[in-house]
Amino acid sequence: MNAEFFAAIEDIEREKNIPKAYMLDKINQALLAAFRRDNPDCADNVVVQKTVVETVESPAVELTVEEARRYAKHPALGDVIGIPVETKKFGRIAAQAAKQVIIQGIREAERGITYEEFTSKEHEILTGVVSRVEPRSGSVSIKIQSNSEYTEAMLAATERIKGEELTEGDRVKVYVVEVRRSTRGPQVLISRTHPGLVKRLFELEVPEIFDGTVEIRSIAREAGSRTKMAVWSNDPDVDPIGACVGPKGGRVSSIVSELGGEKIDIVKYSEDPELYIAAALSPAEVVSVTLLDEGKNCRVVVPDGQLSLAIGKEGQNARLAAKLTGYKIDIKPESEAQE
């Protein structure tokens, strides 16, 4: 039985990646809990140590010299004798309590391992499989995997790309925003609308970003519609925009496809705020950028025919440019500026 017991512990370690030492500690706790249940008079004397005395007044913690000879060769008065406890003598209720402690220990270990695994994936992309779609709330349950660990994560309706249709069995990339502990195990917060998803997709697709030659300095996103991304190259011979676009636009087009057709404007970052703001308003042409004294405000002048392009549909282009650069942008047509 002992051989089978330790073989089972090794199986748990191998299959569930739960350390043998952890399980032995939990089993020790379970046996002690069972012993306490069957021997309430022993209080905290769970190691089952008894003192050799001439006259026994408390059998739970004392024994005579004659009784002590069953466990020690030459016991003397005052000696503390360790008494082995036979687990097979535990009562049914005590054994059940021990079983629950062991099961709970395995669950806690599994949750801890899963939590640690997914915590290491915070702010990264994972690929999951849609397992359930809630038609009323619009939330989607996605089974995600990291190495050998699996868990279910809920993609809230607010974190879904607008207009994107997801059905059971679809494989989808999600961005891990945060991992929290909960009584039911780790709670993985995922998103398809977070700007970090775009950043990680470009890191996967563009070698120059992955190796650090090209840096993504800022991203502004309205998921499902449009994203603006500012990039910078540490190598003067490398065009940061060209690297992101890729040969014949292959790199950026694969990301656009992953995001359901979302438009992506890639602009060059500059330490000069005026140049940066002008680039951020692309594809509109800019006549001039004037930084104003009060805070991060600026006035931008564009050709009359470019005003609607600079502002964008429902103000989107100007709004994303402001978010990208951190400046509040006041756009004026050239004729008005001259007046």
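Scroll up to find the structure.
A brief report on the enclosed structure follows. None of the values given here were measured: they were computed from a predicted structure. Per chain, residue numbering runs from 1 following the sequence as it is written. This being a predicted model, a pLDDT of at least 70 is required before a residue's local features are given, and a value of 80 or more before pairs of side-chain atoms are given or counted; all residues contribute to the totals for chains, interfaces and linings. Note: side-chain values were computed over all heavy atoms of the structure, leaving out hydrogens and water.

**A word on the overall build of the protein**
Working step 1: Looking only at helices and strands, the protein has 12 helices and 14 strands in total.
Working step 2: The globule rule is 2.2 Å times the number of residues to the power 0.38, and the radius of gyration it is compared with is taken over C-alpha atoms. Against the globule reference of 20 Å for 339 residues, the protein gives a C-alpha radius of gyration of 33 Å, more extended than a compact globule.
Working step 3: Burial classes follow relative accessibility: with a 1.4 Å probe on protein chains only, a residue under 20% of its type's maximum area counts as buried, one over 50% as exposed, and anything between as partly exposed. For the protein, buried positions account for 38% of its 339 residues.
Working step 4: The contact definition used throughout considers only heavy atoms, calling two residues in contact when any of these lie within 4.5 Å. A separation of at least 24 residues holds for 56% of the contacts in the protein among residues at least 6 apart in sequence.
Working step 5: Accessibility throughout is a Shrake-Rupley quantity obtained with a 1.4 Å probe, and a residue counts as covered only by protein chains that appear here. In the form shown here, the protein has an accessible surface area of approximately 19700 Å², with 48% of it arising from carbon and sulfur atoms.
Working step 6: His is not counted, nor are the chain ends; Lys and Arg add positive charge and Asp and Glu add negative charge. Each charge is placed at NZ for Lys, CZ for Arg, CG for Asp and CD for Glu. Counting 45 positive and 55 negative side-chain charges, the protein places the centres of these two groups 6 Å from one another. To qualify as a helix, a DSSP run of H or I must reach at least 4 residues; to qualify as a strand, a run of E must reach at least 2; elements of each kind are numbered from the N terminus.

**Remarks on the pattern of salt bridges**
Working step 1: We define a salt bridge as a side-chain nitrogen of Lys or Arg found within 4 Å of a carboxyl oxygen belonging to Asp or Glu. Under the counting rule described, the total for this entry stands at 16 salt bridges.
Working step 2: Among the ionic contacts, a cluster of salt bridges with common partners joins Glu 124, Arg 200 and Glu 203.

**Structural notes on helix 9 (residues 273-280)**
Working step 1: Turning to helix 9, its buried residues are Tyr 276, Ile 277 and Ala 280. Projection of helix 9 onto a plane perpendicular to its axis shows the buried side chains occupying an angular sector of 95°, all on one side.
Working step 2: Two N or O atoms count as a polar contact when they lie within 3.5 Å, although within protein this holds only if one can serve as hydrogen donor and the other as acceptor, and sequence-adjacent residues are included solely when both atoms are side-chain atoms. By the N-cap criterion, in which a side-chain oxygen at the helix start approaches the backbone nitrogen of a residue two or three places on, helix 9 is capped by Asp 272, the distance to Glu 274 being 3.0 Å. The directions considered for the arc are those from the helix axis to the C-beta atoms.

**Regarding the pairing of strand 10 (residues 226-233)**
Working step 1: Taken across its eight residues, strand 10 has seven buried, putting it largely inside the fold.
Working step 2: Remark: three residues form the turn of the hairpin made by strand 9 (residues 214-222) and strand 10, two consecutive strands paired antiparallel; Gly 224 in that turn has positive phi of roughly 85°.
Working step 3: Of the strand pairs in this sheet, strand 10 and strand 11 (residues 263-268) are connected by six bridges, and their pairing is parallel. Directly across from Met 229, in strand 11, lies its bridge partner Ile 266. Should DSSP find at least two bridges between two strands, the strands are regarded as paired.

**Describing the environment of Ser 270**
Working step 1: Residue position: Ser 270 is located in the loop between strand 11 and helix 9.
Working step 2: What makes Ser 270 buried here is its relative accessible area of 16%.
Working step 3: For the pair Ser 270 and Val 231, spaced 39 residues apart in sequence, the C-alpha to C-alpha distance is 8.9 Å.
Working step 4: Every residue in contact with Ser 270, bar those within four places of it in the chain, is listed here: Leu 275 and Tyr 276.
Working step 5: Within the structure, Ser 270 has its side chain in polar contact with the backbone nitrogen of Asp 272 (distance 3.0 Å).

**Observations regarding the side chain of Asn 297**
Working step 1: Tracing the backbone shows Asn 297 in strand 13 (residues 297-302).
Working step 2: Not counting residues within four places of it along the chain, the set of residues in contact with Asn 297 comprises Thr 290, Leu 291, Leu 292, Tyr 327 and Lys 328.

**Let's talk about unusual backbone geometry**
Working step 1: The linkage connecting Ser 282 with the following residue, Pro 283, adopts the cis geometry, with an omega of 15°.
Working step 2: Considering the arrangement of structural elements, one finds Pro 283 in the loop between helix 9 and strand 12 (288-291).
Working step 3: In this model, His 123 sits at a positive phi of 65°, which is unusual for a non-glycine residue.
Working step 4: Inspection of the secondary structure assignment puts His 123 in the loop between helix 4 (92-119) and strand 4 (125-133).
Working step 5: We note that Lys 248 has phi near 55°; this positive angle belongs to a residue other than glycine.
Working step 6: Among the secondary structure elements, Lys 248 is positioned in the loop between helix 7 (240-245) and helix 8 (250-258).
Working step 7: Lys 248 gets classed as exposed once you look at its relative accessible area, which sits at 90%.

**Topic: the environment of Ala 21**
Working step 1: Within the fold, Ala 21 resides in helix 2 (residues 20-38).
Working step 2: Between the C-alpha atom of Ala 21 and that of Lys 328, which follows or precedes it by 307 residues, the distance is 59 Å.

**A look at the packing of aromatic side chains**
Working step 1: Pairing of aromatic rings covers Phe, Tyr and Trp, the last counted by its six-membered ring, and requires centre-to-centre distances within 6.5 Å; plane angles under 30 degrees mean stacked, over 60 mean edge-to-face, and any other angle means tilted. Enumeration over the complete set of coordinates arrives at two aromatic pairs.
Working step 2: With a centroid separation of 6.4 Å and an interplanar angle of 90°, the aromatic rings of Trp 232 and Tyr 269 are classed as edge-to-face. On the criterion of sequence distance, the pair formed by Trp 232 in strand 10 and Tyr 269 in the loop between strand 11 and helix 9 is long-range, its members being 37 residues apart.
Working step 3: Measuring from centroid to centroid gives 4.8 Å for Tyr 269 and Tyr 276, while their planes differ by 70°, and the two rings are edge-to-face.

**Topic: the side chain of Asp 265**
Working step 1: Residue position: Asp 265 is located in strand 11.
Working step 2: The class for Asp 265 is buried, based on a relative accessible area of 15%.
Working step 3: In terms of polar contacts, Asp 265 uses its side chain to reach the side chain of Lys 228, at 3.2 Å.
Working step 4: Excluding residues that lie within four positions of it along the chain, Asp 265 makes contacts with Arg 226, Thr 227, Lys 228, Met 229, Ser 282 and Asn 317.

**Some words on the packing of helix 9 against helix 11 (residues 316-325)**
Working step 1: The axes are straight lines fitted to the C-alpha atoms, using for helices just the contacting stretch, and the angles between their N-to-C directions are given from 0 to 180°. Running from N to C, helix 9 and helix 11 cross one another at 145°; their axes reach a closest spacing of 9 Å. Our pair here, helix 9 against helix 11, has a crossing hand that is right-handed. From helix 9, Tyr 276, Ile 277 and Ala 280 reach across to helix 11, where they touch Ala 321, Leu 324 and Thr 325.
Working step 2: Amino acid classes used here: Ala, Val, Leu, Ile, Met, Phe, Trp, Tyr, Cys and Pro are nonpolar; Asp, Glu, Lys and Arg are charged; the rest, including Gly, are polar. For the contact of helix 9 with helix 11, a count of residues per class yields five nonpolar, one polar and no charged. Helix crossings get a hand from a simple test, with the near helix turned counterclockwise from the far one by less than a right angle marking a left-handed crossing and a clockwise turn marking a right-handed one.

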